[in-house]
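# Structure at a glance
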Amino acid sequence: GHLPAHLAQGRIREIEGDHEGALTLYATVEAEFGPDPRIYFARAWNLIETGAARAAIEAASEGLGRFPDEGDLYYVRGRAYARIGMLDEARADYYDAIALGNSRSEVYLELGEAAMQAANYVTAIRAYSIYLDAEPGAGDVALALGRAYLLDLRFKAAIEELERQTTLYDNQREVSVWLPQAYYLYSLELKSAGQITEALNYHRKALAVTGGSSSLWAVPALVGAGDSAFQRSEYDRALTYYHQAIKLDPFNGDPYVGLSQTYQALHDDSKAAEYLLKALKIEPAHSKALALQDRNR
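Residues numbered from 1 in each chain as written. Predicted model: local features only at pLDDT ≥ 70, side-chain atom pairs only at ≥ 80, totals over all residues. Heavy atoms only, no water.

## Points about helix H3 (residues 37-49)
With 13 residues, H3 ought to run about 18 Å at 1.5 Å a step, and its terminal C-alpha atoms sit 19 Å apart, in line with that. Most of H3 sits inside the fold, with 11 of its 13 residues counted as buried. Along H3, the positions that sit buried rather than exposed are Pro37, Ile39, Tyr40, Phe41, Ala42, Arg43, Ala44, Trp45, Asn46, Leu47 and Ile48. Considering only its buried residues, H3 is in contact with helix H1 (3-15), helix H2 (19-33), helix H4 (53-66) and helix H5 (71-83). The N-capping residue of H3, defined by a side-chain oxygen 2.8 Å from the backbone nitrogen of Arg38, is Asp36. (Helix = DSSP H or I, 4+ residues; strand = E, 2+ residues; numbered from the N terminus. Expected span 1.5 Å × (residues − 1). Buried < 20%, exposed > 50% of the residue type's maximum accessible area, 1.4 Å probe, protein only. Contact = heavy atoms within 4.5 Å. Polar contact = N/O pair within 3.5 Å; in protein donor to acceptor, adjacent residues only side chain to side chain.)

In structure tokens, the structure reads:
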């Protein structure tokens, strides 16, 4: 007569790979105990794990029709929405889950990931920070927080977070990819502000982390910063980053595509077409350039 124990049996079956058996068990449990939000949650979670996200949304929605104040059901439905790219709906459900006192710290992790996919880095930073307060040992989330700061063009905060990880977490390989980018971009920011000594200091740090080579991270850093600036409608800043990337590597198609979409946003169709053509000459199969070309036809 103990419902959580029956649901735990279903979860064990899922862990063993028997998702059909778990669903059958949940149906049997519901027939015995009657409708319960925990059963709807278990069914929806099971369906997400088997890739049936739309069925999971239906299951969670059915549960919310009976139990509209259950934060866990909003959480699991948001998770299903996120799996099929319905990020606005996912974020709305995560916020409802939080407002209803959802006790799962995972809701903040899911909210952060959905916000990152939507390039809403401010929300991602807030969500990851709350999650890390509850789960301070989550090195992968700490790395995501550092990346969110970087993509939000908050280079000093990104440096502080990524440097902290060099002593707290076992993710040195991943940090070594992002930390030099943060150092380098911050050095450019300091240089533009006239703080030359500090700029040189951070530029040297970037080189030190990568053994003196910048080819693997400088251009992606500049393109990433340009993309972030573009998403924030900071078009002049985006143009600066893309042009700097081209100076370092004139045979990389990414910054040309960035320039094309930025000039298009500025209603300079001539320059937009010029840089798109350059991108396709350098990389004829560049997927983003081809997609931009299709949209412009």
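## Re the pattern of salt bridges
Side chains that differ in sign of charge can pair as their charged atoms come close. Scanning the model with the defined rule gives 18 salt bridges in all. For Glu14, the salt bridge is made with Arg11, and the minimal N-O distance between the two is 2.6 Å. A residue pair is termed a helical-turn pair when its members lie 3 or 4 positions apart in one helix, as Glu14 and Arg11 do in helix H1 at 3 residues. For Glu14, a relative accessible area of 4% gives the class buried. Asp93 is paired through a salt bridge with Arg77; the nearest N and O atoms lie 2.7 Å apart. In this pair, Asp93 sits in helix H6 (residues 87-99) while Arg77 sits in helix H5, placing the two residues 16 residues apart along the sequence. (Salt bridge = Lys/Arg side-chain N within 4 Å of Asp/Glu carboxyl O.)

## Examining the confidence of the model for the protein chain
In the predicted model, the protein chain carries a mean pLDDT of 91, and 98% of its residues have values of at least 70. Highest mean pLDDT in the protein chain belongs to H4 (96); lowest belongs to helix H17 (residues 287-296) (87). (pLDDT = per-residue confidence, 0-100.)

## What to know about the environment of Leu145
Along the chain, the position of Leu145 falls in helix H9 (residues 139-151). Sequence separation of Leu145 and Asn120 is 25 residues, and the distance between their C-alpha atoms is 13 Å. Each residue touching Leu145, except ones within four places of it in the same chain, is listed here: Ile125, Tyr128, Ser129, Leu132 and Glu161.

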